[in-house]
Amino acid sequence: VQLQASGGGLVQAGGSLRLSCAASGLTFSSYGMGWFRQAPGKEREFVAAITWGNGNTYYGDSVKGRFTISRDNAKNTVYLQMNSLKPEDTAVYYCAAKRFGRGSYDYRALTYDFWGQGTQVTVSS
């Protein structure tokens, strides 16, 4: 299984970025997908998740209303649209996959089976 995250970069506060995570080696349409982030010296933090089957979405409190997770099963890709970015959003962003039950998700990083390599997002003030 491979998860390839991309789309990170340097952006000014208030700007937008869209992250992508391309998956291979798994039946993507049957996996719950998540985005997490980790800033230097901090624990890995839940950002967003999307279930398989019904495509329900869930968000961490710090990103609600600003970030949107989506998936394209035809392209085996999950996206994270990030708007109104703040300096505190600066982190390495990771995508993750887990074959949860249909419609289920988890916000805990330790429950996910597969991880991408991470993509750096830096928001300048």
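Residues numbered from 1 in each chain as written. Predicted model: local features only at pLDDT ≥ 70, side-chain atom pairs only at ≥ 80, totals over all residues. Heavy atoms only, no water.

With that settled, the discussion passes to the packing of aromatic side chains. In this description, a pair of aromatic rings is defined by centroid distance and the angle of the planes. The full count for this structure, using the stated rule, is nine aromatic pairs. Seen from their ring centres, F36 and F46 are 5.7 Å apart, and the 70° between their planes marks the pair as edge-to-face. With F36 in strand β4 (residues 32–38) and F46 in strand β5 (residues 45–50), this residue pair connects regions lying 10 residues apart in the sequence. Taken together, F36, F46, Y58, Y94, F100, Y105, Y112 and W115 form an aromatic cluster joined through their ring pairs. When the ring centre of Y94 is taken as reference, the NZ or CZ atom of R44 above it lies at 3.9 Å. Directly above the ring of F28 sits R71, whose terminal nitrogen or CZ lies 4.5 Å from the centroid. (Phe/Tyr/Trp six-rings, centres within 6.5 Å; stacked < 30°, edge-to-face > 60°. Helix = DSSP H or I, 4+ residues; strand = E, 2+ residues; numbered from the N terminus. Lys NZ or Arg CZ within 6 Å of the ring centre and 35° of its normal.)

Quick look at the environment of F100 now. With respect to the helices and strands, the residue F100 is situated in the loop between β9 (91–98) and β10 (114–115). Judged by relative accessible area, which is 9%, F100 ranks as buried. Setting aside residues no more than four positions away along its own chain, F100 makes contact with G32, W52, Y105, D106, T111 and Y112. (Buried < 20%, exposed > 50% of the residue type's maximum accessible area, 1.4 Å probe, protein only. Contact = heavy atoms within 4.5 Å.)

Opposite charge on two side chains allows them to pair when their charged atoms are near. A complete count under the given rule lists six salt bridges for this structure. Note that D61 is salt-bridged to K64, the shortest N-O span being 3.2 Å. Each of the two residues, D61 as well as K64, counts as exposed. For R108, the salt bridge is made with D106, and the minimal N-O distance between the two is 2.7 Å. Taking relative accessible area as the criterion, R108 reaches 41% and is therefore assigned partly exposed. Three or more residues joined by partner-sharing salt bridges are found here, namely R37, E45, R66 and D89. (Salt bridge = Lys/Arg side-chain N within 4 Å of Asp/Glu carboxyl O.)

Worth remembering: the numbers are spatial, not functional.
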